[in-house]
Amino acid sequence: MAQDGSISMRRPLKLLQGQTALLPGWLILIVAYIGTILWTARISFTASRSIPVDTFVGFDQYARLFRSNRWVQSVENMLLYGSLFILGCLIIGFLLAVLLDQKVKGESVFRTIFLYPYAVSFVVTGLVWQWVLNPSLGLQKAVRDLGFENFTFDWLVDRDRAIYVLTGAAVWQASGLVMALMLAGLRGVDGDLWKAARVDGASAPRYYLRVVLPLLKPSIFSSVVLLGVAVIKSYDLVVAMTSGGPGNATELPAKFIMDYLFGRQNLGLATAASVVLLVTVIAVLAPLAYVQSQRARRIRT
Amino acid sequence: MSQVAIKNLDITFGSNRVIQNLDLQIEPGEFLVLLGASGCGKSTLLNAVAGLTDVAGGQIWIGENNVTWAEPKDRGIGMVFQSYALYPRMTVEQNMSFGLEMARHPKAEIRERVARAASMLQLKPLMQRRPAELSGGQRQRVAIGRALVRDADVYLFDEPLSNLDAKLRTELRVELKKLHAELGATMIYVTHDQVEALTLANRIAVMQGGVIQQLASPDEIYRRPVNRFVAGFVGSPGMNFIEGELQLRDGKVDLKTARGNLDVTRYPFAERPEDGRKVTLGLRPEHLQPEPEEGWCPASLTVSVYESMGADALLCGELSGATVSVKLPSDWSPIPPAGARVTMWYDASKVSIFDAVTESRL
Amino acid sequence: MSSRPLFPAHAEGPRPARLNLGRLALYLCLIAAAAAFLFPLWVMVTTSLKDMEAVRSGSIFGWPAQPSLEAWKSAWTSACTGLTCEGLRGGFVNSLLILVPSVALPVALGAVTGYALSFWRPRGGKLLFGGLLIGLFIPYQVFIYPLVRILSSVGLYGNIGGIVAVHTIFAMPIMLLLFRNYYASLPMDLFKAARIDGGGFWTIFRRVVLPMSAPIIVVAVILQVTGVWNDFLFGLIFAGSDNLPMTVQLNNIVNSARGAQEYNVQMAATILTALVPLIVYFFSGRWFVRGIAAGAVKG
């Protein structure tokens, strides 16, 4: 405590304490994230098959990738699945949130029911819907047994339609998430707005579409980001529900990469595919992040 | 009781220089108030004295020690925060003992010192409560108590009364003043409330833009503000400003405005007034009075609004092209109707005159 | 203008009661939606209580004539999860062994890092936070192969340690986001007061910050428990064949089954796997929602 008038030598120590605590974080960021990304990118420019080799082949793997029907179809599938999934979740989630916002009795019971699928594993979701949609013993048979002999619902094994039931299962699982986020947003809407709208003679649907929906932009934005990330990472659901079939009808990029990494032992192609996926994510996120930061700056000044 | 000396202090946040080359000397046992609007650097300066903000240049001395780089706990200070900053999961007693416990004082001594502070602040019945179970005023007393047990040489207060309602604020203000008299410790007190500053301080440092504008006794600050900023910041309702230029005729000095002249011959100019210099005349609301005294000068006021404020009243209107307010006793009558012209009187030796460009006092 | 008066002349007192069709429709919609959401759960439960004869002959909606727990028993003790046929028991134990350290470690790491970032503001802290946040959005496939190589070089591949390490690595961004945002909402003055009282890095964390962190720790634990339990990808790749978690074994039961499909056993196994997160969810609803909402809030 007693200082002799000279400047204390403690300052470096104080900084050190905070820095030491960040060490694990830095280790994870530099080794597990940045290091692995660079390594993956490096492999994607080599002719590696089951083990990484140093034979550089430029963009050959990328060229092969886009000549591969299976990859092209998996990307197309992702675009279709992703847009329908996000749209479906947003619409259903918003409707459920608005319904729950009407001061209903048993709101918490309904909320619990709408969100429980989000608590279970994608594997569970996939297996349940696989069974429900089983053409010989599932929904189709049950409806036929009721007397509708010609009822057909075999989308799960239909090359052109399997992707839609996959989307349906995903929407079932995740629309509760959107509901929860939207409901939180709705609770933040000033109650006086509804009074003002009523005095202005607006009907409830008009009020929700014209007044409330624009106010929910932040909730919509974070829903889209969360759902979008889920789309890109989609792997478990496909594996459990359809294994990518029939044919390549429900193949998705994440599953394509895993198959080529571990099953087919084609590291070069798989890493090229994951780099493409990464670049896609960055291409989508960077403008969004830019818009966000601009908005944040505008609010601050 | 220690003196605090700040020499050539620089503080930067990123590329932003918040405080530049600041010097300040606080005498042992003094109650110094840092007064200014939010963002003027007063809290940053206080945090630097506490060791909670790193300085970019200069030195801070407390007593005989250069504490520029010392840890907060080693500076011999106690601090009270605006948000009370009581540890929410600890009882009042634990809150007050925490610092002594950290400094590894013996248990008996901790108990004794906490008990002494508690009785000083009438906290005895609250010792086993948690902060959430206390009222705002009680919380702030605990926060003060926590600072007191440290037996510090210097106490720092960061807007300690701002979160309280008006009545409690007055009560605690009086308590703080008594406390200062009792302890005789050096105190540095940050506030944006001029009433607190005027009532508590031995000296006030009025700050703006990271610079101390004026460092003087409350009286001096109020009566002889060094520039237009200080004049406008201190006083409520605020000082009236009238723009014009000086006119020297036959040994008389007048302020020439768009609407007539005001006599300021008796003003104690620090330097010889020059003819034609653009200036701002500052008149406090109580400086304009309806009845003249020896040597006072007249001014014509066009009344717009009369506001009763209980003990006194405010008459607003236009005077020499400026909007002004006049403080009157509330029993003054008759109340002039809007639009009426009334003659008011002022003592030119008590007004302030600032240069229109540099804004400093002439 | 119509001649009808705008206000009924005799209106007085409370509005006459009338059947509110809007409210009725509202509740009908909600109930229909709830039924649709619950339908798969119902099918799961009823199927698991049937024998295979009933599954083949009856409707998937129907409640079994003779409910039995036979299917549950074989899902737990004798269903084939790959090469062995010992049911999901082993997977359950594996999942628990993975779960405990994979929750404790990331939560502790997130809390300490978040505390350091929010209060001590060390140099480069913002960069670290931003970098890790970006990690939240990157598809795992980019990391996986090099990570397998790195972890196996330090003996952390194909064992519990490896899977725990992977869970810790990938939980770091969300844990840090949760804790940093929570700590950023605490008053900075509290930390300053503790500094003046003489607390060091760990003392302030243990005595002041940690006692205030209960709510966010609950949220983080719930998020991590459901996340780790529901994981499939990491368990499949990093845990090693002796430690496969329940989700992977469940998928094996269903999708690598040969011969006659025992749908009742499959559904029983599915329920068993979903049980832990569902129980956590039902008992912690509000906290669960806080967790996913916190994940949605950008830093």
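The model shown is predicted, which means the values in this text are computed figures rather than measured ones.

1. Notes on the overall build of chain B
(1) Moving on: Regarding its fold elements, chain B presents eight helices and 19 strands.
(2) Moving on: Sorting the 362 residues of chain B into buried and exposed places 53% on the buried side.
(3) Moving on: Residue pairs at least 24 apart in sequence account for 66% of intrachain contacts in chain B once pairs closer than 6 positions are excluded.
(4) Moving on: Here chain B has roughly 15,900 Å² of accessible surface; of this, 48% comes from carbon and sulfur atoms.
(5) Moving on: Looking at charge distribution, chain B has the averaged site of its 40 positive side-chain charges lying 5 Å from that of its 44 negative ones.

2. Structural notes on the pattern of salt bridges
Residues and elements named next belong to chain B.
(1) Moving on: Per the stated rule, a full pass over the model turns up 34 salt bridges over all chains.
(2) Moving on: Its salt-bridge partner being Glu-30, residue Arg-203 comes within 2.5 Å of it at the nearest N-O pair. Note that Arg-203 is positioned in strand S9 (residues 203–208) and Glu-30 in the loop between strand S2 (16–26) and strand S3 (31–35), a separation of 173 residues in sequence.
(3) Moving on: Given the relative accessible area of 21%, Arg-203 is considered partly exposed.
(4) Moving on: For Glu-30, a relative accessible area of 6% corresponds to the buried category.
(5) Moving on: Residues joined in a network through salt bridges with shared partners are Glu-109, Glu-112, Arg-113, Arg-116 and Asp-151.

3. Section: the sheet that holds strand S17 (residues 322–329) of chain B
All names here are of chain B.
(1) Moving on: The four strands are arranged S17-S16-S15-S18 in an open sheet whose pairing can be described as antiparallel. Sheet topology places S17 and strand S18 (341–346) at the edges, where each strand pairs with a single neighbour. Between one strand and the next, the sheet's axes are offset by a mean angle of 50°, whatever the strand orientation.
(2) Moving on: The pairing of strand S15 (residues 297–308) with S18 spans six bridges and is antiparallel. Residue Leu-301 lies in a different strand from S18, and its bridge partner there is Val-342.

4. A few points about the domain arrangement of chain B
All names here are of chain B.
(1) Moving on: Segmenting chain B into domains produces domain 1 (4–233) and domain 2 (240–355).
(2) Moving on: Look at where the C-alpha atoms of domain 1 and domain 2 centre, and you get two points 39 Å apart.
(3) Moving on: On the side of domain 2, seven residues touch domain 1, which itself brings nine residues to the contact.
(4) Moving on: Taking both partners together, domain 1 and domain 2 bury about 690 Å²; carbon and sulfur atoms supply 48% of that area.
(5) Moving on: When the area that domain 1 buries against domain 2 is broken down by residue, the three leading residues are Tyr-222, Arg-228 and Ala-231, summing to 70%.
(6) Moving on: Across the contact surface, domain 1 and domain 2 share one salt bridge.
(7) Moving on: Notably, a salt bridge pairs Glu-243 with Arg-228, separated by 3.1 Å at the nearest N-O pair.
(8) Moving on: Put simply, domain 1 and domain 2 have three residue pairs in polar contact (both at pLDDT 80 or more) between them.

5. Some remarks on the state of the cysteines
Residues and elements named next belong to chain C.
(1) Moving on: Considering all chains together, one arrives at one disulfide over all chains under this definition.
(2) Moving on: The disulfide that involves Cys-80 links it to Cys-85, with 1.8 Å between the sulfurs. The disulfide joining Cys-80 to Cys-85 has a torsion of about 95° about its S-S bond and is therefore right-handed.
(3) Moving on: On the accessibility criterion, Cys-85 (39% relative accessible area) is partly exposed.

6. Remarks on the interface of chain C and chain B
By a widespread convention, an interface's size corresponds to the accessible area lost as its parts come together.
(1) Moving on: Listed by partner, the interface residues are 16 residues for chain C and 25 residues for chain B.
(2) Moving on: Between chain C and chain B, roughly 1,800 Å² of surface is buried when both sides are summed, and carbon and sulfur atoms account for 64% of that area.
(3) Moving on: For the interface between chain C and chain B, the tally reads three salt bridges.
(4) Moving on: Salt-bridge contacts for B:Glu71 lead to C:Arg195; the nearest nitrogen and oxygen are separated by 3.3 Å.
(5) Moving on: Going through the elements one at a time, helix H8 (188–196) and helix H9 (201–209) of chain C are the ones with two or more residues in the side of chain C that touches chain B.
(6) Moving on: The leading source of residues in the side of chain C that touches chain B is H8(C), at seven residues.

7. What to know about the interface of chain A and chain C
(1) Moving on: The partner chain C presents 87 residues to the 83 residues of chain A that form the contact.
(2) Moving on: Summed over both partners, the interface of chain A with chain C comes to about 7,500 Å²; 79% of that surface belongs to carbon and sulfur atoms.
(3) Moving on: Looking only at chain A, the three residues that lose the most surface to chain C are A:Tyr33, A:Tyr116 and A:Trp131, adding up to 10% of its buried area.
(4) Moving on: Scanning the region where chain A abuts chain C turns up zero salt bridges.
(5) Moving on: For the interface between chain A and chain C, the tally reads 19 residue pairs in polar contact (both at pLDDT 80 or more).
(6) Moving on: When the residues that make up the side of chain A that touches chain C are grouped by side-chain class, the tally is 58 nonpolar, 17 polar and eight charged.

8. Regarding unusual backbone geometry
(1) Moving on: Note the cis peptide between B:Ser236 and B:Pro237, where omega equals -5°.
(2) Moving on: Here B:Pro237 is to be found in the loop between helix H8 (228–233) and strand S11 (240–249).
(3) Moving on: Even without being glycine, A:Lys103 reaches a positive phi, approximately 50°.
(4) Moving on: Looking at where A:Lys103 falls in the secondary structure, it is placed in the loop between helix H4 (69–100) and helix H5 (107–119).
(5) Moving on: A relative accessible area of 75% places A:Lys103 in the exposed class.
(6) Moving on: The phi torsion at B:Asp151 lies on the positive side, around 50°, for a residue other than glycine.

9. Focus on the nonpolar core
(1) Moving on: Among the nonpolar cores identified, the biggest contains 231 residues, and A:Phe114, B:Leu9, B:Ile188, C:Tyr183 and C:Phe238 are the most heavily contacted of them.
(2) Moving on: Residue contributions to this core peak at 16 residues, all from helix H8 (residues 162–187) of chain A.
(3) Moving on: Excluding its chain neighbours within four sequence positions, the residues that come into contact with A:Phe114 are A:Leu96, A:Leu100, A:Gly176, A:Met179, C:Leu30, C:Ala33, C:Ala34 and C:Phe37.
(4) Moving on: Counting 45 residues, the second-largest nonpolar core is a separate cluster that includes B:Leu121, B:Ile144, B:Tyr155 and B:Val230.

10. Considerations on the sheet that holds strand S5 (residues 65–66) of chain B
Residues and elements named next belong to chain B.
(1) Moving on: The strand order across the open sheet formed by four strands is S2-S1-S4-S5, and the pairing between neighbours is antiparallel. On the outer flanks of this sheet lie S2 and S5, each paired with one strand and no other.
(2) Moving on: Across two bridges, the pairing between strand S4 (residues 57–62) and S5 is antiparallel. Paired with Trp-61 across the bridge in S5 is Asn-66.
(3) Moving on: Running at roughly 115° to strand S1 (residues 4–13), helix H1 (residues 42–50) makes contact with S1, S2 and S4 of the sheet.

11. Here we look at the pairing of strand S13 (residues 260–263) of chain B
(1) Moving on: Sheet topology note: the strand S12 (residues 252–257) of chain B/S13(B) ladder contains four bridges and is antiparallel. If you follow B:Thr257 over to S13(B), its bridge partner there is B:Gly260.

Cut-offs used in this document
Residues numbered from 1 in each chain as written. Chains lettered and ligands numbered in written order. Predicted model: local features only at pLDDT ≥ 70, side-chain atom pairs only at ≥ 80, totals over all residues. Heavy atoms only, no water. Helix = DSSP H or I, 4+ residues; strand = E, 2+ residues; numbered from the N terminus. Buried < 20%, exposed > 50% of the residue type's maximum accessible area, 1.4 Å probe, protein only. Contact = heavy atoms within 4.5 Å. Areas by Shrake-Rupley, 256 points an atom, 1.4 Å probe, with all protein chains shown as cover. Lys, Arg positive; Asp, Glu negative; His and termini not counted. Charge placed at Lys NZ, Arg CZ, Asp CG, Glu CD. Salt bridge = Lys/Arg side-chain N within 4 Å of Asp/Glu carboxyl O. Pairing = 2+ DSSP bridges. Axes fitted to C-alpha atoms, helices over the stretch in contact; angles between N-to-C directions. Domains from an automatic or database assignment. Buried area = accessible area lost by both parts, 1.4 Å probe. Polar contact = N/O pair within 3.5 Å; in protein donor to acceptor, adjacent residues only side chain to side chain. Disulfide = S-S within 2.5 Å. Nonpolar A, V, L, I, M, F, W, Y, C, P; charged D, E, K, R; others polar. Core = buried A, V, L, I, M, F, W, Y, C linked by side-chain atoms within 4.5 Å.

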